[in-house]
Amino acid sequence: MGFFNFGSKDIGIDLGTANILVTLKGKGIVLVEPSVVAIDRKTGAIVATGEEAKEMLGRTPEQIKAVRPLKDGVIADFTATRLMLKKLIEKISERYNIGKPRVVVGVPSGITEVEERAVEESVMHAGAKEVYLMEEPMAAAVGAGLDVAEPSGNIIVDIGRWND
């Protein structure tokens, strides 16, 4: 990735409305999880994330709320996103013995500065050492192996991934 000097213990995250994908250099995609979190309303503690929380959507007791905290690739519920990312980074850090990782996050092009700050703050509060944001079309170009520093034209079409 040339301009990022991406290390083997750094994490790449694609924050999707339906799913979150996590990648590690040399290992590829290491986690695909629904973008859902279940939180105890009284304590604020995480009850479940990912697939387990998705199963709870619309079926939770009154004291638990299960939500999709992202809308159109940006944060709609800051607290729920922060909790979900914290659990996700903990899971990856434990599984791959990473510690406090540097994190590159794919964000939709055209998001506002406020939305950018919300993503950065959420990832930092979740346990990252450093956070870098990359617009999704640029991330797709780099991932496809295109030389993004060359003055040549390419078209990137992001059709997403439907998995509901």
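Just above, that's the structure.
Keep in mind that this is a model prediction, so the values were computed, not measured.

S.K.: Quick question: what am I supposed to make of the overall build of the protein chain here?
M.R.: Counting its secondary structure elements, the protein chain contains 4 helices and 10 strands. Ordered by position in the sequence, the α and β elements of the protein chain form the string β-β-β-β-β-α-β-β-β-α-β-α-β-α. In summary, the protein chain has a C-alpha radius of gyration of 16 Å against a globular reference of 15 Å for 164 residues, a match within 12%. Each of the 164 residues in the protein chain was classed as buried or not, and the buried ones make up 40%. Residue pairs at least 24 apart in sequence account for 56% of intrachain contacts in the protein chain once pairs closer than 6 positions are excluded. Counting only carbon and sulfur atoms, one obtains 50% of the accessible surface of the protein chain, whose full area is about 9,300 Å². Distance between charge centres in the protein chain, computed from 20 positive and 24 negative side chains, equals 7 Å.

S.K.: Got a minute to help me understand the sheet that holds strand β9 (residues 102-107) in this structure?
M.R.: Strands belonging to one sheet form pairs held by backbone hydrogen bonds; the direction of such a pair is parallel or antiparallel. Reading across the sheet, the 5 strands line up as β3-β2-β1-β9-β10 and stay open at both edges, with mixed pairing between neighbours. The open sheet terminates on both sides in strands that have one partner only, identified here as β3 (28-34) and β10 (130-135). On average, adjacent strands in this sheet sit at an angle of 20° to one another, irrespective of strand direction. Pairing between β9 and β10: 6 bridges, direction parallel. Bridge pairing in β10 links Val104 to Tyr132.

S.K.: I would appreciate a short explanation of the sheet that holds strand β5 (residues 46-49) in the present structure.
M.R.: What the 3 strands build is an open sheet, ordered β5-β4-β6; its pairing is antiparallel. Only two strands of the sheet have a single neighbouring strand rather than two, namely β5 and β6 (64-67). Put simply, the sheet's adjacent strands are angled 15° from each other on average, direction ignored. Here strand β4 (residues 37-40) pairs with β5 via 3 bridges, running antiparallel. Of the residues in β5, the one forming a bridge with Val37 is Thr49.

S.K.: Could you clarify how one ought to interpret the pattern of salt bridges in this entry?
M.R.: As a working rule, side chains carrying opposite charge can pair if their charged atoms are close by. The tally for this structure, following the rule as stated, stands at 4 salt bridges. For the salt bridge of Asp77 with Lys65, the shortest nitrogen-to-oxygen distance reads 3.8 Å. Of this pair, Asp77 sits in the loop between β8 (74-75) and α2 (78-96) while Lys65 sits in strand β6; the two residues are 12 residues apart in sequence, bridging distant segments of the chain. A salt bridge links Glu90 to Lys86; the shortest N-O distance between them is 3.3 Å. Of this pair, Glu90 and Lys86 both sit in helix α2, separated by 4 residues, roughly a single helical turn. Residue classification places Lys86 among the partly exposed positions, given a relative accessible area of 36%.

S.K.: How should I be thinking about unusual backbone geometry in this particular structure?
M.R.: Negative phi values dominate among residues other than glycine, just as trans dominates among peptide bonds. Phi at Asn97 takes a positive value of approximately 50°, unusual for a residue other than glycine. Structurally, Asn97 is set in the loop between α2 and β9.

S.K.: How should the pairing of strand β2 (residues 19-24) be read in this particular structure?
M.R.: On a regular strand, each side chain points to the face opposite its neighbour's, so the side chains alternate between the two faces of the sheet. Of all 6 residues that make up β2, 5 are buried, and the element is covered over most of its length. Adjacent in sequence and paired antiparallel, strand β1 (residues 11-15) and β2 are bridged by 3 residues. Sheet topology note: the β2/β3 ladder contains 6 bridges and is antiparallel. Along β3, the bridge assignment pairs Val22 with Leu31. Connecting β2 to the next strand, β3, in antiparallel fashion are 3 residues, including Gly26 with a positive phi near 85°.

Conventions we followed
Residues numbered from 1 in each chain as written. Predicted model: local features only at pLDDT ≥ 70, side-chain atom pairs only at ≥ 80, totals over all residues. Heavy atoms only, no water. Helix = DSSP H or I, 4+ residues; strand = E, 2+ residues; numbered from the N terminus. Rg over C-alpha atoms; globule rule 2.2 N^0.38 Å. Buried < 20%, exposed > 50% of the residue type's maximum accessible area, 1.4 Å probe, protein only. Contact = heavy atoms within 4.5 Å. Areas by Shrake-Rupley, 256 points an atom, 1.4 Å probe, with all protein chains shown as cover. Lys, Arg positive; Asp, Glu negative; His and termini not counted. Charge placed at Lys NZ, Arg CZ, Asp CG, Glu CD. Pairing = 2+ DSSP bridges. Axes fitted to C-alpha atoms, helices over the stretch in contact; angles between N-to-C directions. Salt bridge = Lys/Arg side-chain N within 4 Å of Asp/Glu carboxyl O.

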